[in-house]
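A closer look at the structure
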Amino acid sequence: MDKYSFLNTAHTSFFSELYDKYLVNPDSVEPSWRAFFQGFDFGVETSLDELNFDENRTTVMVNGTKSEMPQSLQKEFQVIRLIDGYRGRGHLFTKTNPVRERRNYEPSLDINNFGLENSDLETVFNAGDIIGIGPSPLKDIIKHLQNIYCDAIGVEYMFIRKPERVKWIQDWINVNDNHPDFGPERKKHILKKLNQAISFETFLHTKYVGQKRFSLEGNESLIPGLDVIVERAAEMGVKQFVMGMAHRGRLNVLTNIFGKSAKDIFSEFDGKDYEQEIFDGDVKYHLGWTSDRKSDNGNKIKMNIAPNPSHLETVGAVVEGIARAKQDADYKDDFSKVLPIVVHGDAAVAGQGLIYELVQMAGLDGYKTGGTIHIVVNNQIGFTTNYLDARTSTYCTDVAKVTLSPVLHVNADDAEAVVHASLFALEYRMRFASDVFIDLLGYRKYGHNEGDEPRFTQPKLYKAIAKHKNPRDIYAERLIQEGIIDDTYVAQLEKQYKDSLEEKLEDSRKEDKTVITPFMADEWKGFESVREWEMMDAVDTTYDKDKLTKIAKVITELPKSKKFLRKVEKLVKDRYNMYFNADNLDWAMGELLAYGTLLEEGYGVRISGQDVERGTFSHRHAVMKVEESEEEIVLLNHLSEKQAKFQIYNSLLSEYGVVGFDYGYAMASPNTLTIWEAQFGDFSNGAQIMIDQYISAAEDKWKLQNGLVMLLPHGYEGQGAEHSSARMERYLQLCAKDNMYIADVTTPAQMFHILRRQMKANFRKPLIIFTPKSLLRHPKAVSKISDLTEGSFKEVIDDAAVEVKNVKSLVFCTGKFYYDLLAEREKLERNDVALVRVEQLFPLPDEQIKELIAKYKNVDDLVWAQEEPRNMGAWSHLLMHFSDVHKFRVASRRFYAAPAAGSAVRSKMRHQQVIDYVFDKSKNNMFKPKK
């Protein structure tokens, strides 16, 4: 008896469902079926000449044994393979490119490639059930597949490994052959949004000839696509939208989606001065915007578009941080209420490594936002570079496959297809809390900017673009043919919209100044903008001792019912003793108590970075693991019922993306102490764009305050060029006026107070702290409880161990180097040398420094001492910011390209040379090496 005779009575859809599961995950199907499908695949991929056919039967290999299968069933499987071919490769054969011929891909979807022939076209196959049309002739199945997969939308999803998501996608796109079925009013609305997009660009092109605006022309269907996302999302319960996008089309989106008045945009085009002297501003297509508006159905929604620099993809990380902060603060982790949307350029999404970092962050506990809708405004060209020179991957969106996110490639000329794809993206995100990508394939009507000549590099392409109709006119012709509008409808729409723009233009030219609306003003109510001298005002950071003791008790006692590693138990016991018995607090205690006091006062605390939960140097241990279960115990979340939330997350091995995320988080949550800690200080190099474009300059450019704290471990301990220096010279070079704080603190109490100052002040500035490594356990780097409860942050710490009248050498230094100098002074018994610590490097406390110089009247030797080479560290900063710097001699390493020597012996020798010169000016080590 034929061992596969049972197959004759089974239904094709049953086979298909099993086969789909097998294709996604072979191990998910029962072993005998897995063996059958393996044999089937082998059989259909084997040359027909190698198989033995008779009139009604075909041969298939199963576990190396030839078996027979009914030919009709063989044909059904071949149709199933054809269907899977369209599902997996149909996107390669779409009509998605409005101005170029598609590349040829092999093998094609020709039926001959699936063992089918023209004679099969009239044959009815049960496989039609799989795509929702029931048993159908092969020709109808093919037509249905071409409509779904090979028209104006190409869908990539078969790489997704979750069957329920694959099934949902297939069910969604099978409806109406993956084509929209909009009514007349919806179609008119789409046309209205298209007209707004096109008329806005042509108006600017006429009124501001030659000015850069980074026109959306060629991708105007982005506007109806975004519009339907906002409207439908509001109906689904979304309360806030956080969007990031670079230049292309930004002004159009601001006006026609976010509701920014065209009057304000015209004012920015006219180049008027700003109303505030403190604010330098930025070009119009970099500015952010926040608005409260109502959807067409009356739903209240808040719209945020984040400001961004010319580093195109940087804003994506910031957007995710803003969205997460809003989700945490406003909706108690209900990610469905805040929707992040990131609009990319095709060259940037393929070429910028930050995108890979972002998609890897998308599902991580510390950084997930419940899914992001990514829309690529695909111009098929980057600046002047053709797409074939801009990437190796087939699509610019192939990074989406890293996280198994579906991708829809859409012809930007087909406005209804764009709206349809946008609805898919929204519904997928809302259902699965996952990323989804739309590749909006259009073109760029002009060059990179409106003054550029694209024909220099793409003459053939731009010849085609010059003859190409815009999406509005293409869609209008379609609606005229459908009888929905008449020939005059578009002209009336255009006139009405342009008349309103003329009115706004006239209004804007009546005003002398440009007014910049603050971004996220509601979140920043009550905070003041301050100048440099106001940053130096004292802030009360004291804390009641009894309350501090209660916090200390909680964070120095482990749950007795749980078993921890002995080292962890000892560490916690030592913390208990240092507070309750010795009154000698180390660095970790000072830091943890700062967090605890802020939590009790209602300020949230968020820390992220590589290894932050225990700390790179195992000093923090904010999260402790139960030995057997690895349950996480976070004592700082057990202080009291009314405390704020303490969040700490080990990050992925990223600096750029994570710093951008945390910066965005701090931007949206000014009452949360948001900290990014580098594993080693020089790791921040990987986030240099964020530091240059946001952290150091955002308040000046975009009127944005931000309280992000960066902890950068710094210190020369003979560990080589890497990880010795946090490159403080780079941060100090960026300091100007009132843009940020820079500190290199030396005691736990100083750390306690500077962290508290960050929240207790009524303004926010980024804070860069060069934190210690060896000092974390240094026996002299300790503080008393009273230093925390009664003290305050000191920008400069005077030397209390010397008699002022005996001091001949006054040495200023910063950070860990102080303790090295202190040890040498004790060794030499030099009571004529005073060691003064400059704890805050910017704003530089120059008046306090001058007062100390005046205090030590008998000094005849002023010294600046640093462990870094002369061309690094803080010396160049002093040259720029301290007028009396000419009085100092400098003790430092020589000028070097690398921060430190690789040899521990050489490093120690150089370090000692600097120390020697501090105490003996005759031992100058700055002579040039011999040739």
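Above: the structure in question.
Everything numeric in this text was worked out from a predicted model, so none of it was measured. (Residues numbered from 1 in each chain as written. Predicted model: local features only at pLDDT ≥ 70, side-chain atom pairs only at ≥ 80, totals over all residues. Heavy atoms only, no water.)

Looking at the overall build of the protein
- When helices and strands are counted, the protein shows 30 helices and 28 strands.
- Based on the C-alpha atoms only, the size of the protein along its principal axes is roughly 110 × 80 × 65 Å.
- The buried share among the 931 residues of the protein stands at 59%.
- Contacts in the protein between residues far apart in sequence, at least 24 positions, make up 78% of those at least 6 positions apart.
- Counting every atom, the protein has about 38400 Å² of accessible surface; 48% of that belongs to carbon and sulfur.
- The averaged location of the 137 negative side-chain charges in the protein is 4 Å from the averaged location of its 121 positive side-chain charges. (Helix = DSSP H or I, 4+ residues; strand = E, 2+ residues; numbered from the N terminus. Buried < 20%, exposed > 50% of the residue type's maximum accessible area, 1.4 Å probe, protein only. Contact = heavy atoms within 4.5 Å. Areas by Shrake-Rupley, 256 points an atom, 1.4 Å probe, with all protein chains shown as cover. Lys, Arg positive; Asp, Glu negative; His and termini not counted. Charge placed at Lys NZ, Arg CZ, Asp CG, Glu CD.)

A short note on the sheet that holds strand 22 (residues 767-771)
- Spatially, the 7 strands line up as an open sheet ordered 18-15-19-20-22-21-26, and their pairing is mixed. Unpaired on one side and paired on the other, strand 18 (646-650) and strand 26 (840-842) mark the two borders of the sheet. Pairwise comparison of adjacent strand axes, ignoring direction, gives a mean angle of 20° for this sheet.
- Across 5 bridges, strand 15 (residues 604-609) lies against strand 18 in parallel orientation. Each residue of the ladder has a partner; that of Val 605, found in strand 18, is Phe 646.
- Each of strand 15, strand 18, strand 19 (672-677) and strand 20 (709-713) touches helix 20 (residues 587-600); the most contacted strand, strand 15, lies at about 140° to it.
- This element, helix 21 (residues 656-668), spans strand 15, strand 18 and strand 19 of the sheet and lies at about 170° to strand 19. (Pairing = 2+ DSSP bridges. Axes fitted to C-alpha atoms, helices over the stretch in contact; angles between N-to-C directions.)

Focus: helix 28 (residues 846-855)
- Taken as a whole, helix 28 has its buried residues at Ile 849, Leu 852 and Ile 853. All buried residues of helix 28 fall inside an arc of 100° around its axis, so they share one side.
- Contacts from the buried residues of helix 28 go to strand 23 (796-797), strand 24 (809-813), strand 25 (833-838), strand 27 (861-869) and strand 28 (888-893). (Arc of directions from axis to C-beta.)

Section: the packing of helix 9 (residues 262-269) against helix 16 (residues 489-508)
- Relative orientation of the contacting elements helix 9 and helix 16 amounts to 55°, with a least axis distance of 8 Å. With respect to each other, helix 9 and helix 16 are oriented oblique. Helix 16 is crossed by helix 9, and the crossing has right-handed handedness. Across the interface between the two elements, Ala 262, Lys 263, Phe 266 and Ser 267 of helix 9 pack against Leu 501, Lys 504, Leu 505, Asp 507 and Ser 508 of helix 16.
- Taken together, the residues of the contact of helix 9 with helix 16 sort by class into 4 nonpolar, 2 polar and 3 charged. (Parallel < 35°, antiparallel > 145°, perpendicular 65-115°, else oblique. Left-handed = near helix turned anticlockwise from the far one by under 90°. Nonpolar A, V, L, I, M, F, W, Y, C, P; charged D, E, K, R; others polar.)

Some thoughts on the side chain of Asn 706
- Positionally, Asn 706 belongs in the loop between helix 23 (698-702) and strand 20.
- Here Tyr 663 takes part through its backbone oxygen, which lies 2.9 Å from a polar atom of the side chain of Asn 706.
- Among residues more than four places away in sequence, those in contact with Asn 706 are Trp 524, Tyr 663, Ala 666, Met 667, Arg 764, Lys 765 and Pro 766. (Polar contact = N/O pair within 3.5 Å; in protein donor to acceptor, adjacent residues only side chain to side chain.)

Fair warning: the whole summary comes from geometry, so function is off the table for now.
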